[in-house]
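# Structure assessment
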Amino acid sequence: MTSLPYARIRRRLELSLPKGVVTVGRLLARRVLLAVPLIWAIMTLTFFLLRLAPGDPVVQILGDRATGPQYDQLRHQLGLDRPMLQQYLEFIGNLAHGEVGKSLFSSRSATAVVLDRMPATLSLAIGATILSVLGGIAAGVYAALRKRADGSAVQVAAIVGQSVPDFWLGLVLIGLFAVHWNWLPANGFVPFTESLNGWALSMVLPVVTLGLAAMGSVARMTRAAMISALDREFIRTLRANGVSNRSIVFRHALKNAAIPVTTLIGVRFIGMLSSAVIVEQVFALPGVGTLAIDSASNHDYPVMQALVLYLTVVVVAVNVIVDVVYSWLNPKVRLA
Amino acid sequence: MITWKRLTVGLRRPMAVACLLVLGTLVIAAVLAKWIAPDDPYQQDLSNVLSGPSAAHWLGTDELGRDILSRLIYGARLSLFAGLLCIAVAVLLGVTAGVLAGFFAGRVMILFDRVTDLLLATPVIMILLTVLAVFGPNMNAAMIALGVMLSADFMRLSRGSTLEARSALYVDAAQVFGLSRTRILLRHIVPNVLGPVIVRASTLFGAALFIEAGLSFIGLGARPPTPTWGSMVAAAGNAIYKQPWYLVPTGGIIVLTVLASNLFGDTLLDATVDGAARARPRRWSRLKKQRQATVVSATAVKTPAGNAKSDETLRAPAAVFERDARQAGEGEGPKTGLLSVSGLEVSFPSADGWRPVVTDVGFEVPHRGSLGIVGESGSGKTITMLALLGLVPSPGKVTAGKIFFNGRELDPSRPSSFNVVRGSEIGFVAQEPMVSLDPVFTVGAQLAEPMRHRGRMSSRAAHGRVLELLDLVGMPDPRRAAASYPHELSGGMAQRVAIALALGLEPKLLVADEPTTALDVTVQADILDLFRSLQEQLSMSMVIVTHDFGVLADSCDSALVMYAGEVVEQGPVDEVLSAPAMPYTAGLLRSNPYSAVALGRLPVITGSVPDPGAWPSGCRFQARCAVATPECAEGSIPLTTVTSHRRARCVRVTEAVRS
């Protein structure tokens, strides 16, 4: 058996430390090390892509007054007159200190501008993830247990849910719940530091809008994974040896099924960060999405770079969380 | 794996055809927009803005009085083209890179891994916004960029399929035959990769369409007045208070398109998954492979090898049976009925009603006795065993018969009536230990579970008992074994754990399904020894399902030979082995590799077990029987008594025993 030497090595590595500590620590260290070149590559890519853009931020700032000495002065002030390579090296130097420069428009630190916008976007994405995980897993397990009529109803609902564009769904929900019934606010964001209730109400429609499609795909994945887990041989052995049906479904099958579902949830969360940009437009939420669109049209390079940096860090962080959960669920990858 | 062949099966499903029709219609409408669209999409009519559906404007008019239907048809051009462009880029780039990475593996693979990591971690929307800022409102550039990012998905997918195809035997064979690498790639690998790629592409087409529409929605697409689906939804959103209808056709067309492409992919996937399930290899072929690998085994020792001995053994056991008969008759002594099965019939639904696959099976297992059920694949031995556990796989069910166990009647047609005995009174050991343990729980957790929930033990007590059990089944280091996961054990060790699982609640009966078949030859004897010693130590009864006469001779005291769903012979093992009363048993024995003459050709029973719908009237073995007579086809053949404890289902039973 090929697994034996591997098991021995692993045991030798782990005997000295409490179980789990070594592996998670190792995983985190490896991930962080891999993240550094990743962030560098993405930041470099966007740096040059942005500088290639036609359109001049100086013109954007000065408007009609962008002539002669004024233009040159601002250009110099912003450091845009220096050679591209010099700009790039400075940029990387600053990046090493976690800085990406000041916003060209508000003269605030670009990272601070982005941080201001994070609560709305994270509320939205995390809320939608919780909705899709809870709703999706419940619906998926239910559909897997009732293979026939109800099961396929869930299946069809999930596919239809995945085929509805979120920006349109958002408008339809506004049309029904805000315009027609007037139950919920149509748009706007109340920070939860101001009013918890107001925050919750303002988030309901955006969260449902963003979360519904993900819920559909989580439900489908859960259903498929549950069906295949319940079909595996060990289920029969456990059942034959007196393990209760409830434990078979919710302990054994669900934990096995959770392995692919975890990966999917990570992928969906990252996808939601992109979709959030559009959903924020629908509900006029002051999140990073609106900031991204504004800064892109204004050629506010530092803010765009800060956005790329933050989103990449969030993506890396989510992947680490997924890896940790994954390794907890699936003992075969613990040493990865 | 999704093969090309299974994919074409999926393509013929009505749902797939319907989806293709919808998508095809949209594409044709987009191409022929100039001739099909009822109106000029730019023709404004300010006297008739935001009207609902009417005869003049089937889908109403927009905020400038333009015909919505015509604008949707023209909008399809941009949207469908954007989706196709993106997917084409993603597939071309991803599949090429993925197939090469999978085929050449090594360093190339590591490089591609890094690139896919990079692409998958890139914030898609930021790149798209940047690209749109660079190239202006040009959706093509954004879609190509999106295609590059989505190619990571296809890269992973096609690399996986390539690795899978590459390790397949036919690719090895092709390499042995000296086919060039390019040829192998194109002829054997690419077709295997295309299946999953098509399925994935149809889903990602929907995703690309969403992103295109979303970008147009926030005003980053084609400039007005060019119609795009996304910008029309945005306009509908602005008019939500005045004309909610406007939202219906504009969003509806996107839902329809994406739904068709999602359902198309889903239907293909479904068809291929179903196909894979049906194409699962029969168990017999697996057994045959194992047999070929098995040359000599310790289990062969007791098998009757020569004819010289058989005369002797034929006479000797008679005394034993007389003793057994006495005991049974008096209804006392240690060896009386723990399990009694009679008239068992298991059926599966077929086109014409319930079709029995196992009929009229009956046997008894005394306390501390052991029964071996033997037969080829398709003989019904496994189904019979599962019926004992109330675990006949759905949609099958027990349609007749009685099961008495330990003085109580279990209703075999109601699987739930077995809940009380499973685990606590009947333990089960499956064939393949590596797949019969839950891979995500430690051995200790799995063993303790029935004890805690059924046996109501505390977790500490259960843990102690787990260690005892692991010691009992001969695990060298129980503490370490309890903390291990199944994949960390060897096959033999895993089977010991599986046996421990079955013994957890001290059952009176142990049911084992081919318990040594999946193990290495050297380990088989150890496991059989373990069974024997456990049976003695714990005073259990055993039912062992096997195709291996060595196992039968070694571990069982009575035998039940099954063929085509019925019992054809039963009796004490020694006697059945030495003087089979039924030609089928004799044939099986002759084809046993352990008793084969060196360098001689292994005699086989020609033909195969008839499938349940194809049973002949009379003896089900007649077609393959060398000594069949016309009498064999007349009526059903009863199970007749040969000697006091032997019965066989054969019209020539006595002749067979004599010859």
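Given the structure is predicted, the values throughout are model-derived calculations rather than measurements.

So, on to the overall build of chain B. Check the secondary structure of chain B and you find 24 helices and twelve strands. Out of the 659 residues belonging to chain B, those deemed buried represent 49%. Considering only residue pairs separated by 6 or more positions, chain B has 68% of its internal contacts joining residues 24 or more positions apart.

When its secondary structure is counted, chain A shows 13 helices and zero strands. Reading the secondary structure of chain A in the N-to-C direction produces α-α-α-α-α-α-α-α-α-α-α-α-α. When the 336 residues of chain A are sorted by exposure, 41% land in the buried category. When contacts within chain A are restricted to residue pairs at least 6 apart in sequence, long-range pairs at least 24 apart make up 74% of them.

Here the focus is helix 12 (residues 288-298) of chain A. Structurally, the α-helix is built with 3.6 residues per turn, so residues lying three or four positions apart point the same way. For helix 12 of chain A, every residue scored as buried is listed here: A:Val288, A:Gly289, A:Leu291, A:Ala292, A:Ile293, A:Ser295 and A:Ala296. Elements that come into contact with the buried residues of helix 12 of chain A comprise helix 6 (110-145), helix 11 (245-283) and helix 13 (301-329) of chain A together with helix 6 (124-135) of chain B. A:His299 sits one or two residues past helix 12 of chain A and shows a positive phi near 60°.

Further remarks concern the sheet that holds strand 4 (residues 397-405) of chain B. Residues and elements named next belong to chain B. Here four strands make up an open sheet; going across it, the order is 2-1-4-5 and the pairing antiparallel. Looking at the sheet topology across the chains shown, the edges are occupied by strand 2 (353-366) and strand 5 (408-410). The mean angle between the axes of side-by-side strands here comes to 10°, regardless of whether they run parallel or antiparallel. As paired strands, strand 1 (residues 337-350) and strand 2 are joined by ten bridges and run antiparallel to one another. Of the residues in strand 2, the one forming a bridge with Pro349 is Trp354.

It is worth spelling out the interface of chain A and chain B at this point. Think of interface size as the accessible area that goes away when the parts come together; that is how it is often given. Between chain A and chain B, the contact holds 61 residues from the first and 63 residues from the second. Put simply, the parts of the chain that give the side of chain A that touches chain B at least two residues each are helix 1 (3-14), helix 2 (21-52), helix 7 (149-162), helix 8 (166-180), helix 10 (233-240), helix 11, helix 12 and helix 13 of chain A. Residue composition of the side of chain A that touches chain B, grouped by class: 38 nonpolar, 17 polar and six charged.

Residue and element names in this part refer to chain A. Interaxial distance between helix 8 and helix 11 falls to 9 Å at its minimum, and their mutual angle equals 25°. By the angle class used here, helix 8 and helix 11 are roughly parallel. In this structure, helix 8 crosses over helix 11, and the sense of that crossing is right-handed. Judged by residue contacts, Asp166, Phe167, Gly170 and Leu171 of helix 8 engage Ser275, Ile278, Val279, Val282 and Phe283 from helix 11. Split into classes, the residues belonging to the contact of helix 8 with helix 11 amount to six nonpolar, two polar and one charged.

Before going further, it helps to examine the nonpolar core. The nonpolar side chains of soluble globular proteins are, as a tendency, buried together. Of all hydrophobic cores here, the largest spans 152 residues; its most connected members are A:Leu124, A:Val218, A:Ala292, A:Leu307, B:Leu128, B:Leu146 and B:Ala208. Among the elements that make up this core, the one with the highest residue count is helix 4 (residues 68-104) of chain B (18 residues). The contacts of A:Leu124, once residues within four sequence positions are left out, are A:Met203, A:Pro206, A:Val207, A:Leu210, A:Ala276, A:Val279, A:Leu285 and A:Gly287. Within the second largest apolar cluster, 106 residues are counted, among which are B:Met540, B:Ile544, B:Val551 and B:Ala648.

Moving on, we get to the confidence of the model for chain B. All names here are of chain B. Averaged over all residues, the pLDDT of chain B is 80; the fraction at 70 or higher stands at 86%. Contacts for the low-pLDDT stretch residues 276-335, under 50 throughout, to residues beyond four places or in other chains number 68 contacts. In the predicted assembly, ipTM is 0.81 and pTM is 0.78.

With that out of the way, let us pick up helix 9 (residues 181-217) of chain B. Residues and elements named next belong to chain B. Along its length, helix 9 reaches its greatest deviation from straightness, about 45°, at Ile189, and the proline Pro191 lies no more than four positions downstream. Of all 37 residues making up helix 9, 26 are buried, and the element is well covered by its neighbours. Phi turns positive, to about 90°, at Gly219, one or two residues after helix 9.

For the rest of this paragraph, the subject is the sheet that holds strand 12 (residues 646-648) of chain B. Residues and elements named next belong to chain B. Pairing within the open sheet is mixed, and its eight strands lie in the order 6-7-8-3-9-10-12-11. Only two strands of the sheet have a single neighbouring strand rather than two, namely strand 6 (426-429) and strand 11 (640-643). On average, adjacent strands in this sheet sit at an angle of 20° to one another, irrespective of strand direction. Sheet topology places strand 3 (residues 370-374) next to strand 8 (residues 541-546); five bridges connect them, and they run parallel. Its bridge partner being in strand 8, Ile373 is matched across the sheet by Val545.

Residue-level pLDDT values for chain A average 81, and 88% of them are 70 or greater. In the predicted structure, residues 1-20 of chain A sits below a pLDDT of 50 and forms eleven contacts with residues beyond four places in sequence or in another chain.

In this section: the environment of A:Leu254. Residues and elements named next belong to chain A. You can see Leu254 is positioned in helix 11. Residue Leu254 is classed as buried on the basis of its 21 C-beta neighbours within 10 Å. In this structure the C-alpha to C-alpha distance between Leu254 and Thr222, which are 32 residues apart in sequence, comes to 8.5 Å. Discounting residues that sit within four places of it in the chain, Leu254 has contacts with Val141 and Val249.

With that out of the way, let us pick up the environment of B:His188. Residue and element names in this part refer to chain B. Inspection of the secondary structure puts His188 in helix 9. In this structure His188 comes out as partly exposed when scored by C-beta crowding, with 18 C-beta atoms within 10 Å. Remark: the alpha-carbon pair of His188 and Val22, spanning 166 residues in sequence, is separated by 33 Å.

All right, on to the pairing of strand 7 (residues 509-513) of chain B then. Where a strand is regular, its side chains alternate between the two sheet faces. Residues and elements named next belong to chain B. In terms of residue burial, strand 7 counts as a mostly covered element, since five of its five residues are buried. Here strand 7 shows two buried faces, one formed by Leu509, Val511 and Asp513 and the other by Leu510 and Ala512. Sheet topology places strand 7 next to strand 8; five bridges connect them, and they run parallel. Residue pairing across strands places Val511 opposite Val543, the latter belonging to strand 8. Regarding topology, helix 20 (residues 521-538) serves as the crossover connection from strand 7 to the parallel strand 8, and that connection is right-handed.

Attention now moves to unusual backbone geometry. Residues and elements named next belong to chain B. Note the cis peptide between Pro224 and Pro225, where omega equals 10°. Within the secondary structure layout, Pro225 lies in the loop between helix 9 and helix 10 (229-238). The phi dihedral of Arg368 falls on the positive side, at around 60°, and the residue is not glycine. Taking the C-beta count within 10 Å as the criterion, Arg368 has 18 such neighbours and is therefore assigned partly exposed.

What follows covers the pairing of strand 8 of chain B. Within strand 8 of chain B, six of the six residues are buried, leaving the element largely enclosed by the surrounding structure. Neither face of strand 8 of chain B is left uncovered, since the one carrying B:Ser541, B:Val543 and B:Val545 and the one carrying B:Met542, B:Ile544 and B:Thr546 both have all their residues buried.

Moving on, we come to the packing of helix 5 (residues 106-121) of chain B against helix 7 (residues 139-166) of chain B. Residues and elements named next belong to chain B. The geometry of helix 5 relative to helix 7 is characterised by a closest axis approach of 8 Å and an angle of 140° between their N-to-C directions. Here helix 5 lies oblique to helix 7, going by the angle between them. Along this stretch, helix 5 crosses helix 7, giving a crossing that reads as left-handed. Across from Phe112, Thr116, Leu119 and Leu120 in helix 5, the residues of helix 7 making contact are Met149, Ala152, Met155, Arg156 and Arg159. Considering only residue class, the contact of helix 5 with helix 7 consists of six nonpolar, one polar and two charged.

Looking now at the environment of A:Ala240. Summarising the element assignment, A:Ala240 is placed in helix 10. For A:Ala240, a count of 27 C-beta atoms within 10 Å corresponds to the buried category. Not counting the four nearest positions on each side in its chain, A:Ala240 is found in contact with B:Leu389, B:Leu391, B:Arg422 and B:Phe428.

Conventions adopted
Residues numbered from 1 in each chain as written. Chains lettered and ligands numbered in written order. Predicted model: local features only at pLDDT ≥ 70, side-chain atom pairs only at ≥ 80, totals over all residues. Helix = DSSP H or I, 4+ residues; strand = E, 2+ residues; numbered from the N terminus. Buried ≥ 20, exposed ≤ 12 C-beta atoms within 10 Å, placed from the backbone. Contact = placed C-beta atoms within 7 Å. Pairing = 2+ DSSP bridges. Axes fitted to C-alpha atoms, helices over the stretch in contact; angles between N-to-C directions. Nonpolar A, V, L, I, M, F, W, Y, C, P; charged D, E, K, R; others polar. Parallel < 35°, antiparallel > 145°, perpendicular 65-115°, else oblique. Left-handed = near helix turned anticlockwise from the far one by under 90°. Core = buried A, V, L, I, M, F, W, Y, C linked by C-beta atoms within 7 Å. pLDDT = per-residue confidence, 0-100. Bend = angle between axes of the 7 residues up to and from the residue. Right-handed = clockwise from strand over helix to strand, strands pointing away.

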